[in-house]
Amino acid sequence: MLLSFTFFQSIDGFEQNLSGGAITDNGFGGVNLNSGTVSAQYAGLTEEVSHSSQEIDFRDRATIQFNARILSGSGTPDYTVYLVAGDLSGNASIASPSCKGFGFKIIDDTLYAVSNFVGTCGSANEILSVISNITVANMNVYRAVFTSGQKIEFYVNEVLRITQNITTNSGQSNHLFELFVRNDGNQARLIVTFMSLIRDL
């Protein structure tokens, strides 16, 4: 299966918040754009499939790639970003989150490789590995490859940065991917110019 799109920026979600209420816009093919209840609080984009045969199965080989940058605004960085296959943020507007997935997490300008297959969202259940010397304000190519043998390889700009060995990767997610930015302080903006998910069937 191949899934791809060409452009998303989190301001799309922020600007949909017109009256202080969370929104969820359902788009073509189950793509959901959502926002928080406060202007510029958070914005996300997920792909939700309607049939179990379309779910991402974490026992399969899969590759997810994002071309993305973070514009963190003025002041001290105070934000969290997820760029993952599956869903990990615990965003309240996501229906029936699996809290399973892998990819990249950015906290206050620091980049991490992230995975969680416990089935409960939250940093306590995430395997986080710091990826150093990456300027997230630049347009970077982030790619995570779930290989056979329960191993995930994390690449930035086509250079292997981190490998995680996973003890369990059972289960599925009806959310194929999640792009998510939450602002706790300054007005960070997530810009994604390309995303693709490739997995074995």
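For the structure itself, consult the block above.
Description of the structure in this document. (Residues numbered from 1 in each chain as written. Predicted model: local features only at pLDDT ≥ 70, side-chain atom pairs only at ≥ 80, totals over all residues. Heavy atoms only, no water.)

Attention now goes to the pattern of salt bridges. In total, this model carries 3 salt bridges according to the counting rule given. Between Glu-126 and Lys-105 there is a salt bridge, with its nearest N and O atoms 2.8 Å apart. Of this pair, Glu-126 sits in the loop between strand 10 (110-116) and strand 11 (127-131) while Lys-105 sits in strand 9 (residues 100-107); the two residues are 21 residues apart in sequence, bridging distant segments of the chain. As far as the burial class goes, Glu-126 and Lys-105 line up, both buried. Residue Glu-158 pairs with Arg-143 through a salt bridge whose shortest N-O separation is 2.9 Å. Of this pair, Glu-158 sits in the loop between strand 13 (151-156) and strand 14 (159-165) while Arg-143 sits in strand 12 (residues 140-147), and the two are 15 residues apart along the sequence. (Salt bridge = Lys/Arg side-chain N within 4 Å of Asp/Glu carboxyl O. Helix = DSSP H or I, 4+ residues; strand = E, 2+ residues; numbered from the N terminus. Buried < 20%, exposed > 50% of the residue type's maximum accessible area, 1.4 Å probe, protein only.)

Moving on, we get to the packing of aromatic side chains. Counted under the stated rule, the structure contains 4 aromatic pairs. Pairing Phe-104 with Tyr-142 gives two aromatic rings, centres 5.3 Å apart and planes at 55°, and the pair type is tilted. In this pair, Phe-104 is assigned in strand 9 and Tyr-142 in strand 12, connecting sequence segments 38 residues apart. Just as Phe-104 is buried, Tyr-142 falls in that class too. (Phe/Tyr/Trp six-rings, centres within 6.5 Å; stacked < 30°, edge-to-face > 60°.)

Glancing now at the state of the cysteines. Cysteine pairs can be linked by a disulfide, which is a covalent bond between their two sulfur atoms. Inspection of the entire model under this criterion finds 1 disulfide. The disulfide bridge from Cys-99 ends at Cys-121, spanning 2.0 Å between sulfur atoms. Of note, the bridge from Cys-99 to Cys-121 carries an S-S torsion of about -100° and is left-handed in sense. Remark: Cys-121 occurs in the loop between strand 10 and strand 11 and Cys-99 occurs in the loop between strand 8 (79-87) and strand 9; sequence separation between them is 22 residues. (Disulfide = S-S within 2.5 Å.)

Let us look at the environment of Gln-164. Assignment of secondary structure puts Gln-164 in strand 14. Along the backbone, Gln-164 and Val-114 are 50 residues apart, and their C-alpha atoms lie at a distance of 8.9 Å. Discounting residues that sit within four places of it in the chain, Gln-164 has contacts with Ala-113, Val-114, Ser-115, Ile-127, Leu-128, Ser-129, Gln-150, Lys-151, Ile-152 and Phe-154. A polar contact of 2.7 Å, which involves the side chain of Gln-164, links it to the side chain of Ser-115. Side chain to side chain, Gln-164 and Ser-129 meet in a polar contact 3.0 Å long. (Contact = heavy atoms within 4.5 Å. Polar contact = N/O pair within 3.5 Å; in protein donor to acceptor, adjacent residues only side chain to side chain.)

Once that is clear, we can look at unusual backbone geometry. At Asp-108, a position not held by glycine, the phi torsion is positive, near 50°. Turning to its location among the elements, Asp-108 is positioned in the loop between strand 9 and strand 10. Phi is positive for Asn-157, which is not a glycine, with a value near 55°. Within the secondary structure, Asn-157 sits in the loop between strand 13 and strand 14. Taking the relative accessible area as the measure of exposure, Asn-157 reaches 34% and is therefore partly exposed.

Along the chain, Lys-151 turns up in strand 13. Each C-alpha atom, one on Lys-151 and one on Asn-165, is 4.6 Å from the other, the two residues being 14 residues apart in sequence. Excluding residues within four positions of it along the chain, Lys-151 makes contact with Val-145, Phe-146, Thr-163, Gln-164 and Asn-165.

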